[in-house]
Amino acid sequence: MKLDLLTSLYVFMLAAFIGFEVIRRVSPLLHTPLMSLTNALDAIAVVGAIILAGEFHSHGALLAKILGTIAIVAATSNIVGGFIITDRMLRMFKASGPKKP
Amino acid sequence: MISTAATEHIIEITYLIATALFILSLKWLSSPATARRGVFAGEIGMLLAVVGTLLHHGIVEYKWIFIALVLGAIIGVPLGEVAMTAVPQRTALSHAFGALCVTLVGTAEFYLRAPDVPPFMMGVLSMEVILGSLTFTGSLMAAGKLQEVLPQRPITYKGQNFVNLGLLGVAVVIAGVLVAHPEKTQLFPLIVGIPLVFGVMMIIPIGGADMPTVISLLNSYAGLSAAAMGFVLDSKLLIIAGALDGASGFILSVNMSKAMNRSFSNVLFGAFGQEQVAAAGGKEARAVRSATPDEAAGILAAANKVVIVPGYGMAVAQAQHKVRELYDALTKRGIDVKFGIHPVAGRMPGHMNVLLAEADIPYDKLLEMDEINGDFPQTDVALIIGANDVTNPAARTDHSSPIFGMPILDVDKARTVMVIKRSMAAGFAGIENPLYYLDRTLMLFGDAKNFVGGIVRELGGGHE
């Protein structure tokens, strides 16, 4: 599944524009959870690491396995930790208004 | 058994759905009411993408993948459970982990492909490992400074920017050579190693007050390096996630640099934390008015409208729960209490909001600088807890002040200003604050937690 370079650049450009428009609307109130959430989403790099560690390589197999495995550990810790802390933070944000019992 | 081609299509579709969910995830973060749904969308997207990837036919060995996934989760859980005051260093650490992943994958990809690497591929691969490795060490340094295992004081020396930019320049030149001659594999370690050193050097001159900008900038770098990895691996999903993360970090960096009145190029070249040599000395003997907790409580009780301005000092003193009690005591008396939050209050963007939300203060009482500044002329009491430079009126009036032009909270327009402060020592930037010498200002000397506690006791009529 070869993606040509120009298509990649289009994808990047459009994603950057969407990113700017969507993130501009995030309330400054939530900028810390925003950063921890984007950090967790960014750890989608784990898919690259999984393929690197799991695929067959005719040469450099050991290097790919070692680096790929460490990379999976690093990215997974971001996914798990990032989602947990983002949710913990967001749970704390409560509106005033009718007092809860 | 499904055919290889069919599986590959299924995988691509999981990626497509994951991409949509990631964008929705950020969209739902726009308001606290929908934000948790956003996290859920992100989790589902992530799960889909990871499961989809595991279906990939090219994967011949699963053992290490699963061990690594479990190990990562084991490390990730405690990192998700840190105290709210420690969120900035946790965030810096996670930028480091993200960058580590990207750098390692990029390195392996180079050695798997060399010497047969087309120029464009070599270019993005270089960008991936350069940005990745400088973000890795830079973020570790930032985390160390935030955790206070490293000195927070900026360390500067002559020619620092020259050395730093020189290092980066050398790495870029070597990357250029590799683009032309990818068979010179012996050069590759240099475009990993030099940026690793650069990352350390970049953070050395940066002081604690600049951390919000630095964290945002590292966030942006981490995103861009992941997007570059997406180009290398031909992964649209990764390009998009990286672009979103990069855009987010960029927006936050611009916000932070605006809030500190620094030009963006100043931030980009890591030249912050420079102007610490402010005119300290001078007339120490100017008179200030001070008050005791019961006097302060009396003034607060007589007010109709109170704005509390918290700074990082409040968090250091662990005073946020006492502040919540004060908020309750005043609200019970029918006094309107709001909080004015400066964008750089705390150690990372939005940090102060999280600390106050943790203390159960309703988020609709937390107002950004632009929303609250118009309110100060009608405010009876502005109570400043552990904030200094962000309230300094010299930023508006004194052209010679190092912080001139920085947007501030206009607390000096309130009828009475009360400042809880340990002593008359200058703030982070070492700048004298004329606010403290105004006739309408009362200094409340003491530890923030104890002092606020004292006010609460007085308001409660002596019992508790």
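Residues numbered from 1 in each chain as written. Chains lettered and ligands numbered in written order. Predicted model: local features only at pLDDT ≥ 70, side-chain atom pairs only at ≥ 80, totals over all residues.

Some thoughts on the overall build of chain B
Defined as follows: Each helix is a run of H or I in the DSSP string that is no shorter than four residues. Each strand is a run of E no shorter than two, and both are numbered from the N terminus. Residues with at least 20 neighbouring C-beta atoms inside 10 Å of their own are called buried, those with 12 or fewer are called exposed, and the rest are partly exposed, where every C-beta is derived from the backbone. Residues are treated as contacting if the C-beta atoms built from their backbones sit within 7 Å of each other.
Looking only at helices and strands, chain B features 17 helices and 6 strands. Each of the three principal axes of chain B carries a C-alpha extent, and together these read 75 × 55 × 35 Å. Of all 464 residues assigned to chain B, the portion counted as buried reaches 53%. Counted over contacts in chain B with a minimum sequence separation of 6, partners at least 24 positions apart contribute 79%.

Notes on the pairing of strand E5 (residues 416–421) of chain B
All names here are of chain B. Note the threshold: Strands qualify as paired when DSSP identifies two bridges or more between them.
Of all 6 residues in E5, 6 are buried, a share of seventy percent or more. Taking every second residue as pointing to the same face, both faces of E5 are buried, with Thr416, Met418 and Ile420 on one and Val417, Val419 and Lys421 on the other. In this structure, strand E4 (residues 381–385) lies alongside E5, joined through 5 bridges in parallel fashion. Its bridge partner lying in E5, Ile384 is registered against Val419. For E5 and strand E6 (residues 441–445), the ladder comprises 5 bridges, and the chain directions are parallel. By the bridge assignment, Val419 is partnered in E6 with Met443.

Let's talk about helix H14 (residues 351–358) of chain B
Residues and elements named next belong to chain B. Most of H14 is tucked away: 8 of the 8 residues are buried. For H14, every residue scored as buried is listed here: His351, Met352, Asn353, Val354, Leu355, Leu356, Ala357 and Glu358. Once H14 ends, the next one or two residues include Asp360, with phi positive near 70 degrees.

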